[in-house]
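Coordinates in review
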Amino acid sequence: MTSVTTVKPTFSQITPPQMDDLPYKEYDPEVAAKLLEFIHPYRGRIWGSVFYMALSSLAGVAGPYLIEQAIDQGIAKNSVDALRTAVLLFMFTQIVQWFFNYIRTNVMAEVGQSIIFDIRISIFERLQQLSLSFFSRYSVGRITSRMMNDVGVLRDFATWTLLAVARDVFTLGGIIVTMLIMNPRLSLLSFAVLPVMTVITFLFRKYARDNYRRARMAMSWVNSVLAENINGVRVVQSFSREDTNYSYFRDVVNFYNLTANMIAARLSSLFFPSVDYLGTIAVALVIYVGGAALLGEKLEPGVLVAFVLYIGRFFDPIRDLSMRYNEFMSCMASGERILSLITAPVEVRDAPDAAILPRITGQVDFDHVDFHYSDDPTPILQDVDLHIAAGETVAFVGKTGAGKTTTIKLLARFHDTTAGRILIDGYDIAKVTQFSLRSQMGIVLQDPFLFAGTVRDNIRFGRLDANDAEVEAAAKAVGADEFIGRLRMGYETPVEEGGVVLSVGQRQLISFARALLADPRILILDEATSSIDTQTENIIQIALERLLKGRTSFVIAHRLSTIVNADRIVVVSDGRVVEQGKHQELLAKGGMYAQLYSMRFEEEPV
Amino acid sequence: MKTLQRLAILVRPFQGQMIAAALMLLSLTAIDMVFPAIIRQVIDVGFGQGQTQFMLVAAGIIMGLGFLKWIINFGYRYTSEWLSHHIAFDLRNDLYNHIQRLPFTYHDYTASGQLISRVIEDVRSMQNFTGNGIFELSRTIILMIGILIILFFTQPLLAAIALVPMIPLVWLNTSFGRRIGKMFLAVDQSLGELSERLQENVNGVQVVRAFAREKYEVDRFRDSNRKLYYNQIKVVKEMARTMPTSTLLIGISTMLILWFGGQMALNGQISLGELVAFNSYVLLLSGPAQQLSWLINAAGESSAGLERTFEVLDKKPEIRSPESSISLPDLRGEVTFENVSFRYRYEKDHALHDINLTVHPNQVIALVGPTGSGKTSLMNLIPRFYDVTAGAVKVDGVDVRQLDLKTLRSQIGIVLQTSLLFSATIAENIAYGHPTASMDEIIAAAKAAQAHDFITEQPKGYQTVVGERGITLSGGQRQRVAIARALLLNPRILILDDSTSSVDTQTEHLIQEALKTLMQGRTTFVIAQRLTTVHRADVILVLDQGRIAQQGTHDELLQQPGLYREIYDLQLRDQERFQQTMAALQKEKVTSAAAKGGKIA
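As the structure is a prediction and not an experimental result, all values here were calculated from the model.

Moving on, we come to the overall build of chain A. Counting its regular elements, chain A contains 20 helices and twelve strands. Against the globule reference of 25 Å for 606 residues, chain A gives a C-alpha radius of gyration of 35 Å, more extended than a compact globule. The principal-axis extents of the C-alpha atoms in chain A amount to approximately 115 × 65 × 50 Å. Expressed as a percentage of the 606 residues in chain A, the buried residues total 46%. Long-range contacts, defined here as pairs at least 24 residues apart, represent 81% of the contacts in chain A between residues at least 6 apart.

Structural data, given as structure tokens:
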């Protein structure tokens, strides 16, 4: 949605936004080499397919030659034997072609799909290792587009394009050789149109690429504007923007799309008939020159028939090859984007000699911890030094960006500290396996994430081997069983995609049950700030108490009750711990904590 | 058939182009059928009778016809593309305009993601068909009929023999078309599943990491990936079975012509030229024979898409200005609810029962109540996002159903909890309801909404693009832009939700300040979560299960037992208690210092 236009703009006045990454890329040996690694395990079968392809292409090329033989040696010379031989050979080549095409397509289908299967798994596995800061840079949409669109481009390339190129080359080579053998002079004559063809194809490719790219971009612009208007329809109507938005869509976005597509269409409308016409010219030349015996030799009718057939097939591979070049370049571009995912550096990894963290009691020490992001030297945390006994409840307080979330993320080792250490029961968390660390830790996020699946599945995510009774016990303990019981199918009710819509409070209760089921020694909780209705709020407060009891808990707190009841309040500001203590102590001190809360509840005169 | 009629209406403006395309198509088909006849003459007359001169003529004719074909082909291709793009252009415009005017009720019950992809997909399949499909289909049918007539007319016996393989060819491709459709559907489904898996994993990355479930997730992904793998293999294997076999059947046809036709030629029953031409015609036939089922499939798909499109276009925008509407450009801001009951279309129970309420200009009404008590429903009736089921909502004494919708809504400002901004610059977003606003007005609104400071800190200030294709603003920043957007309208009636989720104390403070400015001198309805807001209200309305349970000022309501006191105890008292603590500690200086300096933790 952009500014109002009173006058209809012309095509050249419209600048669409940059829609996506470059769709084409020139050959890059590095990308090609890396992509070849994925192909490597299947190279035997690929070479086999190329061989089958060669056989079937050559068998196909033999067809018109055998027709010529049937006509010139059989019919023209009144020889039934020659006719029979030619026909049988023709049949044989057809069967050879059929057989090898069948095998080749099957083999390549498996190979192509297997390569893509491998690439998808590689991407996904890498995604499981990348740090959270990667995900804050890369939106879900972009990752999905890599996995679906770019991998799709590679799939088509691996399954079809590679072999199509092989087929084109063999067919073209076969036809050229056969024509030359049948009649060298006439062949050279028909090849005369080739330079023209090459120039036309080259020009077309040059203009078509940019034009088609623009047309495609225009189309995705249309779609995104349409999507945005549907998503925001309530705001559109609230602000009575229907007329403005419509004229913008019609006169700018959709108009641009129409024009861009028409320009592309004009090019292709010109190109394909032209190639067709070149073929016709070649046929006319052969008839004119060969038929009139201008070159001093009389043309056999069978040769003419074969030439007409060959010229028809001759242009297809050339046209096809020129198209394939664009596919090759978009494969390069997609390949590069996929590789940038697969080779994205993993920031947090298990140390080579990582120990398994034994069952812990939950004593936590931040030992002069500093942190900044790898790509930005601005310190996020400085000299955080905290010593927390097992079983303590710690409430973090401070404004957004102060470093509360970062502190607890370091504890879960979502990032590594840049200086200092974090110790749990005296073990440096950087020296134990991430799995053994996190499986003893429970984390409840502010906006509780539920997976598509049943309520039961979502609770069980906390401990996969829990039985139904344990799942229900956990739900009961946090007071979630009551609303679950009221759901259409109880614990088996699907949530998220195609399931019921749960309120934030209800989702929170489910995530509490999930954490409780995991029974972690250390609990990290980011309290939700959004308002919850009275009844649920009541349940949540009770559930919280139960959840926090008997474990070391770190809470990014927003509820006054949570803060007041905490064993220790840690006030964070600009990446440093500025105060810590109990509620009353800190209030009496009149420092930052007191300021913070006076402001939160400050009363203004009406 | 209804769909066809509608399609006819859609293409009516392009009758001329349609006819031109059809004529060019007929000429092309005719030219295609002439070429084999020329080759036949070349062989029989040119070679057979040794007439060299004839070769020159034939070559000339071929060149000439080729040239004609080139021109017509260009014209035909361009016209058909032109048609498909123009029809799609019109259809997209209609859809865009129609959907944005459909009432909330429609959008409540339609998943927007699905609606979007359906509109995009359906228009595309329609476009493919009207552009190429419909003409290709006619061309194929005409060509097939023409060739069959020629073949049987010239050599009925040979035609009967040569066409034997065409029967399995048509059958093979038809059944292929039928099966492959289902297989592609399966592929699409598993692609969708895989993509969902991925998106869920990325969205839930923190939970996955937190519970150390990476391996479990990889296993689940591998399952979906494998399913996709098998479904895709099935498609390619089906192709492997069909395509080479099609080629083989065509080859058999040629072989039959060569063998039987060759013998006929040897016996002098048929000339060599005829034989060659005959084979050319059969080859010309094989393309359409393979394509026919594809084209019919595409036609089916496209008509299904069109049907769905028309279904959307047929939905009536029920809520619109009446024929003789009353326009009130200068509202005083009095709002009256008279015996209002309201039920959402597909719900069993009423959301509001018998609401009676009069709000005087410039009053502030705070709405309080549990989730689902009807607060939002009540507010949505004022700008007429929904029509009442019974009773009437009146603004300045006039039923909103009699008012001009645009004038009414342009005087109502709305700020919701989740503030949706569009992919546009910040300035454009602020001017959303008043597109002709000057930059000074925009800045003034932003300043009043406490948004000016953070906006000027953005890389391009007011010209910074936000939303999907721009930078992401935090929840608190988005909300302040939304407040500025409402302020710029200078509405007489204001509807807002004061709950601010996920913002820190300082932002919260700024938003409260902005809201205070916003409410001044307007009739305000506010869904209240904050003590400051309820204190500020002239009337607090406590809603419970769609009824007004209590009504009064804060102090009045606290005196009586009821829902308000319950809510107060649970949610608001914390806030009050804290104020009292603070008062006892006498930290006013700290308070004012913090508010001024803003440098708090």
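Having seen it, we continue.
Turning to the overall build of chain B, a few remarks are in order. Helix and strand counts for chain B come out as 21 helices and twelve strands. Taking 601 residues into account, the globule formula puts the C-alpha radius of gyration at 25 Å, and chain B, at 36 Å, lies well above it. Each principal axis of the C-alpha distribution contributes one length, and for chain B these read about 120 × 65 × 50 Å. Residue burial in chain B is summarised as follows: out of 601 residues, 43% are buried. Restricting the contact set of chain B to residue pairs at least 6 apart, pairs at least 24 apart contribute 79%.

Once that is clear, we can look at the sheet that holds strand S11 (residues 539-544) of chain B. Sheet strands associate in pairs through backbone hydrogen bonding, adopting either a parallel or an antiparallel arrangement. Residue and element names in this part refer to chain B. Pairing is mixed in the open sheet, where six strands are placed in the order S6-S9-S10-S3-S11-S12. Of all the strands in the sheet, just strand S6 (412-415) and strand S12 (547-552) have a single pairing partner and so form its edges. Pairs of neighbouring strands in the sheet enclose a mean axial angle of 20°, with direction left out of account. By the bridge criterion, five bridges tie strand S9 (residues 493-497) to strand S10 (residues 523-527) in an arrangement that is parallel. What sits directly across from isoleucine 495, in S10, is phenylalanine 525. Along the sheet, helix H16 (residues 475-489) makes contact with S6 and S9, crossing S6 at roughly 175°.

For a regular strand, the rule is simple: side chains alternate between the two faces of the sheet. All names here are of chain B. With burial as the criterion, each face of S6 is covered, one bearing Ile412 and Ile414 and the other bearing Gly413 and Val415. Here S6 runs beside S9; their pairing, made up of four bridges, is parallel. Looking across to S9, one finds that valine 415 is bridged to leucine 496.

Of the residues lining the interface, 134 residues belong to chain B; the matching set on chain A comes to 141 residues. Here the side of chain B that touches chain A gets 26 residues from one element, more than from any other, and that element is helix H9 (residues 214-266) of chain B. Classifying every residue of the side of chain B that touches chain A by side-chain character gives 69 nonpolar, 41 polar and 24 charged.

With 326 residues, the main nonpolar core has Ala513(A), Ala366(B) and Leu367(B) as its most contacted residues. Of the residues forming this core, the biggest block, 21 residues, is contributed by helix H9 (residues 242-291) of chain A. Ignoring sequence-local partners within four residues, the contact set of Ala513(A) consists of Ile459(A), Ala474(A), Ala475(A), Val478(A) and Ala480(A).

Residues and elements named next belong to chain A. Taken N-terminus to C-terminus, the directions of helix H3 (residues 80-129) and helix H10 (residues 301-342) make an angle of 40°; their axes are 8 Å apart at the nearest point. By the angle between their directions, the pair H3 and H10 is classed as oblique. Two secondary-structure elements touch here, H3 through Ile119, Ser122, Ile123 and Arg126 and H10 through Ile338, Leu341 and Ile342. Looking at the contact of H3 with H10 residue by residue, the classes come out as five nonpolar, one polar and one charged.

A separate point is the environment of Gly177(B). All names here are of chain B. Mapping glycine 177 onto the fold places it in helix H7 (residues 166-203). A count of 20 C-beta atoms within 10 Å places glycine 177 in the buried class. Among residues more than four places away in sequence, those in contact with glycine 177 are Ser293, Trp294 and Asn297.

With that settled, the discussion passes to the sheet that holds strand S5 (residues 427-428) of chain A. Residue and element names in this part refer to chain A. Within the open sheet, the four strands sit side by side as S2-S1-S4-S5. Their pairing is antiparallel. Two strands bound the open sheet, and with one partner strand each, they are strand S2 (381-388) and S5. For strand S1 (residues 364-371) and strand S4 (residues 419-424), the ladder comprises five bridges, and the chain directions are antiparallel. Bridge pairing in S4 links aspartate 370 to alanine 419.

Positive phi outside glycine occurs at Arg413(A), with the angle close to 55°. Inspection of the secondary structure puts Arg413(A) in the loop between helix H11 (404-411) and S4. Judged by C-beta crowding, with 20 C-beta atoms within 10 Å, Arg413(A) ranks as buried. Here the phi dihedral of Gln450(B) falls at roughly 60°; this positive angle occurs in a residue that is not glycine. Its place among the elements puts Gln450(B) in the loop between helix H14 (439-448) and helix H15 (452-456).

Before going further, it helps to examine the confidence of the model for chain B. Residues and elements named next belong to chain B. Of the residues in chain B, 92% reach a pLDDT of 70 or more, and the chain-wide mean stands at 84. Looking across chain B, the model is least confident in helix H21 (residues 588-597), with a mean pLDDT of 46, and most confident in strand S1 (residues 335-342), with 95. Within the model, pLDDT remains below 50 along residues 586-601, and this stretch shows 33 contacts once partners closer than five positions in the same chain are excluded.

Another aspect to go through is the packing of helix H1 (residues 2-11) of chain B against helix H10 (residues 272-314) of chain B. All names here are of chain B. H10 packs onto H1 with a crossing angle of 75° between their chain directions and a minimal axis gap of 10 Å. Considered as vectors, H1 and H10 are oriented roughly perpendicular to each other. Together, Thr3, Arg6 and Leu7 of H1 and Ser303, Leu306, Glu307 and Phe310 of H10 make up the contact between the two elements. In the contact of H1 with H10, the residues fall into three nonpolar, two polar and two charged.

Here we come to the environment of Ala166(A). Looking at the secondary structure, you find Ala166(A) in helix H5 (residues 140-182). Ala166(A) sits 116 residues away from Val50(A) along the chain, and the two C-alpha atoms are 6.7 Å apart.

Moving on to the confidence of the model for chain A. All names here are of chain A. Per-residue pLDDT for chain A averages 84, and the proportion of residues at 70 or more is 93%. Every residue in residues 1-5 scores below 50 in pLDDT, and together they form 17 contacts with partners more than four places removed in sequence or on other chains. Considering only residues more than four positions removed or in separate chains, one finds that residues 601-606, a stretch of pLDDT under 50, has ten contacts.

Moving on, we get to the pairing of S12(B). All names here are of chain B. Sheet analysis places S11 next to S12, joined by five bridges and oriented antiparallel. Bridge pairing in S12 places aspartate 544 opposite arginine 547. Connecting S11 to the antiparallel partner S12 that follows it, the hairpin turn spans two residues, and glutamine 545 within it adopts a positive phi of roughly 50°.

To continue, consider the environment of Phe100(A). Residues and elements named next belong to chain A. Looking at where phenylalanine 100 falls in the secondary structure, it is placed in helix H3. With 48 residues separating them along the chain, phenylalanine 100 and tyrosine 52 place their C-alpha atoms 5.4 Å apart. Leave out the neighbours within four places in its chain, and phenylalanine 100 touches Tyr52, Leu55 and Ser56.

What counts as what
Residues numbered from 1 in each chain as written. Chains lettered and ligands numbered in written order. Predicted model: local features only at pLDDT ≥ 70, side-chain atom pairs only at ≥ 80, totals over all residues. Helix = DSSP H or I, 4+ residues; strand = E, 2+ residues; numbered from the N terminus. Rg over C-alpha atoms; globule rule 2.2 N^0.38 Å. Buried ≥ 20, exposed ≤ 12 C-beta atoms within 10 Å, placed from the backbone. Contact = placed C-beta atoms within 7 Å. Pairing = 2+ DSSP bridges. Axes fitted to C-alpha atoms, helices over the stretch in contact; angles between N-to-C directions. Nonpolar A, V, L, I, M, F, W, Y, C, P; charged D, E, K, R; others polar. Core = buried A, V, L, I, M, F, W, Y, C linked by C-beta atoms within 7 Å. Parallel < 35°, antiparallel > 145°, perpendicular 65-115°, else oblique. pLDDT = per-residue confidence, 0-100.

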